[in-house]
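What the coordinates show
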Amino acid sequence: MQPLRLISFSKLSRLLSDTSSRFVHFNSHDIFSKDNSLKSVKCFKSLCPKLNTEGKRQAAVLIPLCIVKDEISLLYTLRTNNLKRNSGQVSFPGGMRETDEQLQDTALRESCEELGISKTSIDIWGSGRFIVSKDIAIMPFLGNIGVIEPENLDISSEETTVKQINDDTSVHK
C-alpha cells in the first residue's frame, strides 16, 4: 500500500487568521464552489515566479482537495523506499509526461494509477506555474477529488505507501 496523508483544513484555519483570537471557518460549499476554485487558481499561480524550463524534462502533479469524514482535507503520498528516484519522499500524486501528452493529462493519468480513482472523479481547477529542479520542470494542478474513504482507495503499492494524518492521529495501512 502507498502512504496516503490527509491534512484537515480545520488545522490550517489558525494560520490564515489575522490574530490568534480570531478563527477562519471553512465549509465545503464555499471551498468547492466554482467562484472559489477560480480565485484559488489565480492565487495559486501568483505564488510561484515564472522560471526557465528550457532543456528540462516535464512532469505534472495533482494537489488533491477532498472530503474525508466530513472534513475538508488535502491528500498527499509517501513514495516507497524501493524507487530509484525520490524514494521515501512526501509527494503529490503525479509523474513524468509521456510523449505528446498534455501536462493536465499526465497529472490525471498518474493520480488515477497511484490512487486507484477514475478520471471522472477528478475536477481539475487549474494549474500553477512550473516548479523547477536541476533537471525536471513540474507543473502542479489544483483539483477536487470529492468525498473519499482512504481505506477504499486502490493505492499502487509499487510507488507509494499509505499513511493518514487527521486531527493529530496517524493510521498506517
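These remarks concern the structure in this document. None of these values were measured; they are calculated from a predicted model.

By size, the foremost hydrophobic cluster in this structure holds 21 residues, and its most contacted members are Leu75, Ile122, Phe141, Ile145 and Ile148. Elements that contribute at least two residues to this core include exactly strand E2 (57-68), helix H4 (103-115) and strand E8 (136-147). Once residues lying within four places of it in the same chain are set aside, the contact partners of Ile122 are Leu62, Leu108, Ser111, Cys112, Ile117, Asn144 and Ile145. Counting 11 residues, the second-largest nonpolar core is a separate cluster that includes Phe32, Val41, Ile63 and Leu74.

Note on placement: Asn144 falls in strand E8. A distance of 2.6 Å separates the side chain of Asn144 from the backbone nitrogen of Gly146, its partner in a polar contact.

Moving on to the pattern of salt bridges. Applying the stated criterion to the full structure yields six salt bridges. For Asp35, the salt bridge is made with Lys39, and the minimal N-O distance between the two is 3.3 Å. Here Asp35 and its partner Lys39 are both found in helix H3 (residues 34-47), four residues apart, which amounts to about one turn of the helix. Note that Arg109 and Glu110 form a salt bridge whose closest N and O atoms lie 2.9 Å from each other. Exposure remark for Arg109: the relative accessible area of 13% places this residue in the buried category. On the basis of relative accessible area, Glu110 is assigned to the buried category, the value being 9%.

Thresholds applied
Residues numbered from 1 in each chain as written. Predicted model: local features only at pLDDT ≥ 70, side-chain atom pairs only at ≥ 80, totals over all residues. Heavy atoms only, no water. Core = buried A, V, L, I, M, F, W, Y, C linked by side-chain atoms within 4.5 Å. Buried < 20%, exposed > 50% of the residue type's maximum accessible area, 1.4 Å probe, protein only. Helix = DSSP H or I, 4+ residues; strand = E, 2+ residues; numbered from the N terminus. Contact = heavy atoms within 4.5 Å. Polar contact = N/O pair within 3.5 Å; in protein donor to acceptor, adjacent residues only side chain to side chain. Salt bridge = Lys/Arg side-chain N within 4 Å of Asp/Glu carboxyl O.

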